[in-house]
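# Topology and contacts: notes
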Amino acid sequence: GLEELTRLIQQLPAGYRVVFNLYVIEGYAHKEIAELLGVSENTSKTQLFKAKAALRKKLEKQLLSG
């Protein structure tokens, strides 16, 4: 459920987690995230991509072991 997903998100590395939360949950654009965090827009996009991949991996592992 949602609690489980929240727990997995919290396990992400800090940079991934911040971008994921801002983009997916808060609804910020990459341009805004880049400005907020003082990084390039490309860095924001890369962090989001890696965060999603890491989450997917964690979820698959859980589903397989569940």
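Within each chain, residue numbers correspond to sequence positions counted from 1 in written order. Whole-chain, interface and lining totals are the exception, using all residues; otherwise, since this is a predicted model, local features are given only for residues with pLDDT of at least 70 and side-chain atom pairs are given and counted only at 80 or more. Heavy atoms throughout the structure, all of them, feed into the side-chain values; hydrogens and water do not.

### Topic: the side chain of H30
Applied cut-off: Each helix is a run of DSSP H or I of at least 4 residues and each strand a run of E of at least 2, with the numbering of both proceeding from the N terminus. The cut-offs for exposure are 20% and 50% of the maximum accessible area for each residue type, with area from a 1.4 Å probe on protein chains only; residues under the lower value are buried, those over the upper are exposed, and the others partly exposed. For this analysis, a polar contact is any N or O atom pair within 3.5 Å, provided that within protein one partner can donate a hydrogen and the other can accept it, and provided that sequence-adjacent residues contribute only side-chain to side-chain pairs. A contact between two residues is defined here by any heavy atoms of the two lying within 4.5 Å.
Take H30: it is sitting in helix α3 (residues 30–37). In this structure H30 comes out as buried when scored by relative accessible area, which is 12%. A polar side-chain atom of H30 sits 2.8 Å from a polar atom in the side chain of S44. If sequence neighbours within four positions are ignored, H30 has contacts with Y23, E41, S44, K45 and L48.

### A closer look at the pattern of salt bridges
So the rule is basically this: Here, a salt bridge means any Lys or Arg side-chain nitrogen found within 4 Å of an Asp or Glu carboxyl oxygen.
Enumeration according to the criterion identifies two salt bridges in this entry. A salt bridge links E35 to K31, with the shortest nitrogen-to-oxygen separation between them at 3.1 Å. Of the two residues, E35 and K31 both sit in helix α3, four residues apart, roughly one turn of that helix.

### Overview of helix α2 (residues 14–25)
Heads up, the rule is: Given the number of residues in a helix, its expected span is that number minus one, multiplied by 1.5 Å.
Compared with the 16 Å implied by 1.5 Å per residue over twelve residues, the 15 Å span of α2 between its first and last C-alpha is a close match. Restricting attention to buried positions, one finds in α2 the residues V19, F20 and L22. Of the surrounding secondary structure, the elements contacted by the buried residues of α2 are α1 (2–10), α3 and α4 (41–65).

### Quick word on α4
The periodicity of an α-helix, 3.6 residues per turn, causes residues three or four positions apart to be oriented the same way. Taking 1.5 Å per residue, 25 residues should reach 36 Å; α4 reaches 36 Å between its end C-alpha atoms and fits that length. Of the positions making up α4, those classed as buried are S44, L48, A51 and L55. In this fold, the buried residues of α4 make contact with α1, α2 and α3.

### As for the environment of T43
Residue position: T43 is located in helix α4. The exposure class assigned to T43 is partly exposed, which follows from its relative accessible area of 33%. Remark: the alpha-carbon pair of T43 and A14, spanning 29 residues in sequence, is separated by 14 Å.

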